[in-house]
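Coordinates in review
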Amino acid sequence: MPKQQANWSPYDNNGGSCVAVSGADYCVIAADTRMSTGYNILTRDYSKICKLADKCVMASSGFQADVKALQKHLAARHLVPLKIQIYQHQHNKQMSCPAMAQLLSNTLYYKRFFPYYSFNVLGGLDNEGKGCVFTYDAVGSYEKVGYSSQGSGSTLIMPFLDNQLKSPSPLLLPVQDAVTPLAEAEAVDLVKTVFASASERDIYTGDKLEIVVINADGIRREHMDLRKD
Amino acid sequence: MKFDTSGLESAAPVWGAPSELVDGFSAAPSFEVPNTTDFDGFQKEAIQMVKPAKGTTTLAFIFKEGVIVAADSRASMGGYISSQSVKKIIEINPYMLGTMAGGAADCQFWHRNLGIKCRLHELANKRRISVTGASKLLANILYSYRGMGLSVGTMIAGWDETGPGLYYVDSEGGRLKGMRFSVGSGSPYAYGVLDNGYRYDMSVEEAAELARRAIYHATFRDGASGGVASVYFVGPSGWKKLSGDDVGELHYQYYPVMPSTVEQEMVEAAGA
């Protein structure tokens, strides 16, 4: 009898898309709320967004069980409530978004040989109050960008964001800023438009859109209905 | 299986609540390994799912004045360009650079880890680490993970007491000392230009221009390379970024559009 291969995979893809856009003094993070497996919809009301710190929010698509485990890992290691407090006591300041970005990268890399199947986008304000977005792959490589999208709809969303928001590369000399020149309201509108279009052409994106806006006044949430088909 | 986690020790941040602060530092971060009968097959599948960004052109060479290091900035996942602005030249410390080719996360993580180890060496020995030493540290770590699926093809370039140094280190455990290297999917194209134009006694500007051209030609022919061509110089006082040019614009600098001579102009049809 030929050798039998395992036909069980520890991974699944629950679909969905996430987007983050940063501005001079704000950051918009959004994700749809549909959770699917194969051709089935498991629920229309699942949040992919998680608050990591006062001014730092993460949106993740991919395998939601791994996403949940990652969020729990960050919390259970007292990284979110307690570690932030440790950091605060040691350094006398809140954990900034860039610091959190490095932390998330290391957390993902420590599972390099059994990865979290989670595609993350981190958004927030840095210590000076400027918006920042960090985009990750599943094993922790990350980059600070002006905007990003991850998930099943990202190949549809990214080109549109490039068209509207593309700014000069940070690698050019002399250095030019990578921050979106839009106003906050325009950025929120753009994100809504982007998800409306993505829902038309990606079967895994739809139902409802959850938007989180971080600015100097704090964190604000908004919802918008998307196509349910 | 026992893994050499010494690579992680210095990277361990202050973990957890005070009650956990025992001597568990070296035990704290260790790589979990899945419980399968077929580790290799699982890694191959996992990597397929994750499809880490690779496909790149990087190069470095030693010449009379020091070391030139150059790279493109494209990251691709299969056929999708995941980023056009990846930093592939990593600043390990003010006098040493590392290049990134292969898995982006692997390169980022282990270069950062190397930077930490180099700093610890400085503090422990009251002198800077040599390029030989730094490359050996990295090569030893990568060798201990040999066969586990790490994908790293890097060059360590720097200036130490013995002068300019350049080493190629990869995830198979290889470590080579040399004068000229190019790594990545675009490297054959870069070698063509680099080997043709190389002379030991070039000026810094000439050497930078050679590197820039080599990267440009590689991005022209290799679909997995593109973005911005960055060029760095490492001299006795450390590294300095010389240029960062969009390769699309470099194309029109090297091959400007010539207005073609018009032999006969079409005359507008008069009335009728």
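Residues numbered from 1 in each chain as written. Chains lettered and ligands numbered in written order. Predicted model: local features only at pLDDT ≥ 70, side-chain atom pairs only at ≥ 80, totals over all residues. Heavy atoms only, no water.

In the nomenclature of an unreviewed UniProt entry, chain B corresponds to Proteasome subunit beta from the organism Hibiscus syriacus. Looking at the Catalytic activity (unreviewed entry) heading of the UniProt record, one finds this comment for chain B: "Cleavage of peptide bonds with very broad specificity." (UniProt positions renumbered as here; feature names shortened; annotations may be inferred.)

In the nomenclature of an unreviewed UniProt entry, chain A is known as Proteasome subunit beta of Hibiscus syriacus.

A count of helices and strands for chain A gives five helices and twelve strands. Relative to all contacts within chain A whose residues are 6 or more apart in sequence, the contacts with residues 24 or more apart total 64%. Here chain A displays about 10,100 Å² of accessible surface, and carbon together with sulfur accounts for 52% of that area. (Helix = DSSP H or I, 4+ residues; strand = E, 2+ residues; numbered from the N terminus. Contact = heavy atoms within 4.5 Å. Areas by Shrake-Rupley, 256 points an atom, 1.4 Å probe, with all protein chains shown as cover.)

For chain B, the count of helices and strands is seven helices and twelve strands. Out of the 272 residues belonging to chain B, those deemed buried represent 50%. Contacts in chain B between residues far apart in sequence, at least 24 positions, make up 62% of those at least 6 positions apart. (Buried < 20%, exposed > 50% of the residue type's maximum accessible area, 1.4 Å probe, protein only.)

All names here are of chain B. UniProt's entry tags T56 with the feature "active site" (unreviewed entry), counted in the numbering of this structure. Mapping T56 onto the fold places it in the loop between α2 (39–50) and β1 (58–63). Judged by relative accessible area, T56 falls into the buried class, the value being 3%. A distance of 3.0 Å separates a polar atom in the side chain of T56 from a polar atom in the side chain of D72. (Polar contact = N/O pair within 3.5 Å; in protein donor to acceptor, adjacent residues only side chain to side chain.)

Our focus in this paragraph is the pairing of strand β11 (residues 228–235) of chain B. Regular strands have side chains that alternate between both faces of the sheet. Residue and element names in this part refer to chain B. β11 sits mainly inside the fold: eight of its eight residues count as buried. Burial of β11 is two-sided: the residues V228, S230, Y232 and V234 facing one way and the residues A229, V231, F233 and G235 facing the other way are all buried. With five bridges joining them, strand β2 (residues 66–71) and β11 adopt antiparallel strand pairing. In the strand pairing of β11, I68 is matched with F233. Both β11 and strand β12 (residues 238–246) contribute to a ladder of eight bridges, which runs antiparallel. By the bridge assignment, A229 is partnered in β12 with D245. Where β11 folds back onto β12 in an antiparallel hairpin, the turn is made up of two residues. (Pairing = 2+ DSSP bridges.)

Residues and elements named next belong to chain B. Given a rise of 1.5 Å per residue, 18 residues ought to cover 26 Å, and the 26 Å separating the end C-alpha atoms of helix α6 (residues 204–221) matches this to within 8%. Residues of α6 that are buried: A207, A208, L210, A211, R212, A214, I215, Y216, A218 and T219. Taken together, the buried residues of α6 touch β1, β2, α5 (187–197), β11, β12 and α7 (247–254). (Expected span 1.5 Å × (residues − 1).)

On to the sheet that holds strand β12 (residues 218–225) of chain A, then. All names here are of chain A. The strand order across the open sheet built from five strands is β10-β1-β2-β11-β12, with neighbouring strands paired in antiparallel fashion. This sheet does not close on itself; its edge strands, each paired only once, are β10 (147–151) and β12. Direction aside, the axes of adjacent strands within the sheet are offset by 15° on average. In the sheet, strand β11 (residues 208–215) pairs with β12 via eight bridges, with the strands oriented antiparallel. (Axes fitted to C-alpha atoms, helices over the stretch in contact; angles between N-to-C directions.)

Residue and element names in this part refer to chain B. Mapped onto the secondary structure, H121 falls in helix α3 (residues 104–125). Taking the relative accessible area as the measure of exposure, H121 reaches 28% and is therefore partly exposed. When sequence neighbours within four positions are dropped, the list of residues in contact with H121 reads K126, R127, R128 and I129.

Residue and element names in this part refer to chain B. Within the largest apolar cluster, 34 residues are counted, with the highest numbers of intra-cluster contacts made by M96, W110, Y145 and I156. Elements supplying a minimum of two residues to this core: β5 (89–93), α3, α4 (131–144) and β8 (163–170). Counting 23 residues, the second-largest nonpolar core is a separate cluster that includes A70, L194, F233 and V247. (Core = buried A, V, L, I, M, F, W, Y, C linked by side-chain atoms within 4.5 Å.)

A separate point is the sheet that holds β5(B). All names here are of chain B. One open sheet accounts for five strands, arranged β5-β6-β7-β8-β9; its pairing is antiparallel. Of all the strands in the sheet, the pair left with one neighbour each is β5 and β9 (175–177). Within the sheet, the average angular offset between the axes of one strand and its neighbour, ignoring direction, is 20°. When strand β7 (residues 153–160) meets β8, the two strands line up antiparallel, connected through eight bridges. If you follow G158 over to β8, its bridge partner there is G165. The strands that α3 touches are β5, β6 (96–99) and β7; relative to β5, the one it contacts most, it runs at about 20°. Of the strands in this sheet, β6, β7, β8 and β9 are in contact with α4, which crosses β8 at around 5°.

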